[in-house]
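# A look at the structure
What follows is the residue order along each chain.
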Amino acid sequence: MNNHPLVGGDPERLDSRLRGNDILFMKKILIIFSIFLLAFFLRFNNLNWDANFHLHPDERFLTMIGTAMKLPSSINQYFDQKTSLMNPINIGYPFFVYGRFPLILTKYLANVYNMDNYNNFTILGRQLSAFFDILIIFFIIKTVELLEKKNRFPSSLKYWAGFFYAIAVLPIQLSHFFAVDTFLNFFMFGSFYFAFRK
């Protein structure tokens, strides 16, 4: 007689296993959801912490440049760095040492959501900064999951890693600033995960 659970096995036993797998899956989803919910609260809580006084010098500089930028009328104008008004050099800011992706993304979204002014531009930038930092947790969990499989670590390790990043003070602080740190960390963690996965 074949006692394989899927061939000729006890239907009640099989049903019990399936229910157990469903419960385990729901527990995993609940844990991950709780981690992301906690991270969301800690990062999006009180984003206007300086009451529009723009106390952070780096984000004040980015906001000044971002609001001075003008969207290009064509793709050719965008890539023409000598005339493009998305280039800080062409709008009176020759000393620009940051990457432009956060600024460009914020500029386009600010136009879509009618937030292209000095105060709202900063708030939108902080929201994006917090959002990208939350996405880092996904890469942390997935990276540790790979380590679990490779090194036979406990399966709960990925949740602890995600949890500790969610409550870490520095990422929470950086998420409240419209700067380039969280964007950079997102792409760095993402690159590390995809390189490690191969």
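Attention here is on the structure that accompanies the text. Bear in mind the structure is a predicted one, so any value in this text is a computation, not a measurement.

Conventions we followed
Residues numbered from 1 in each chain as written. Predicted model: local features only at pLDDT ≥ 70, side-chain atom pairs only at ≥ 80, totals over all residues. Heavy atoms only, no water. Core = buried A, V, L, I, M, F, W, Y, C linked by side-chain atoms within 4.5 Å. Buried < 20%, exposed > 50% of the residue type's maximum accessible area, 1.4 Å probe, protein only. Helix = DSSP H or I, 4+ residues; strand = E, 2+ residues; numbered from the N terminus. Polar contact = N/O pair within 3.5 Å; in protein donor to acceptor, adjacent residues only side chain to side chain. Contact = heavy atoms within 4.5 Å. Expected span 1.5 Å × (residues − 1). Axes fitted to C-alpha atoms, helices over the stretch in contact; angles between N-to-C directions. Parallel < 35°, antiparallel > 145°, perpendicular 65-115°, else oblique. Left-handed = near helix turned anticlockwise from the far one by under 90°.

### Describing the nonpolar core
Formed by 31 residues in total, the largest nonpolar core has its most connected members in Ile 65, Met 69, Leu 103 and Ile 137. At the level of elements, helix H1 (11–44), helix H2 (57–68), helix H4 (101–112), helix H5 (118–151), helix H6 (157–167) and helix H8 (181–197) are the ones that each hand at least two residues to this core. Ranked by residues supplied to this core, first place goes to H5 with 11 residues.

### A closer look at the side chain of Glu 148
Examined against the element boundaries, Glu 148 turns out to sit in helix H5. Of the polar contacts made by the side chain of Glu 148, one reaches the backbone nitrogen of Lys 158; its length is 2.8 Å. If sequence neighbours within four positions are ignored, Glu 148 has contacts with Phe 153, Pro 154, Ser 155, Ser 156, Leu 157 and Lys 158.

### Examining H4
Over its 12 residues, H4 runs 17 Å from end to end, which matches the ideal 16 Å to within 8%, given 1.5 Å per residue. Taken together, the buried positions of H4 are Pro 102, Leu 103, Ile 104, Thr 106, Lys 107 and Ala 110. Packed against the buried residues of H4 are H2, helix H3 (75–79), H5 and H8. Where H4 ends, the next residue or the one after it, Asn 114, has phi of about 55°, a positive value.

### Examining H2
Note on helix geometry: an α-helix contains 3.6 residues per turn, so any two residues three or four positions apart are oriented the same way. For H2, spanning 12 residues, the distance from its first C-alpha to its last is 17 Å, which sits close to the expected 16 Å at 1.5 Å a residue. Among the residues making up H2, those that are buried are Glu 59, Leu 62, Thr 63, Ile 65 and Gly 66.

### Side note on the packing of H5 against H8
In contact at an axis separation of 8 Å, H5 and H8 are set at 20° when each is read in the N-to-C sense. If you check the angle between H5 and H8, you find them roughly parallel. Where H5 crosses over H8, the handedness of that crossing is left-handed.

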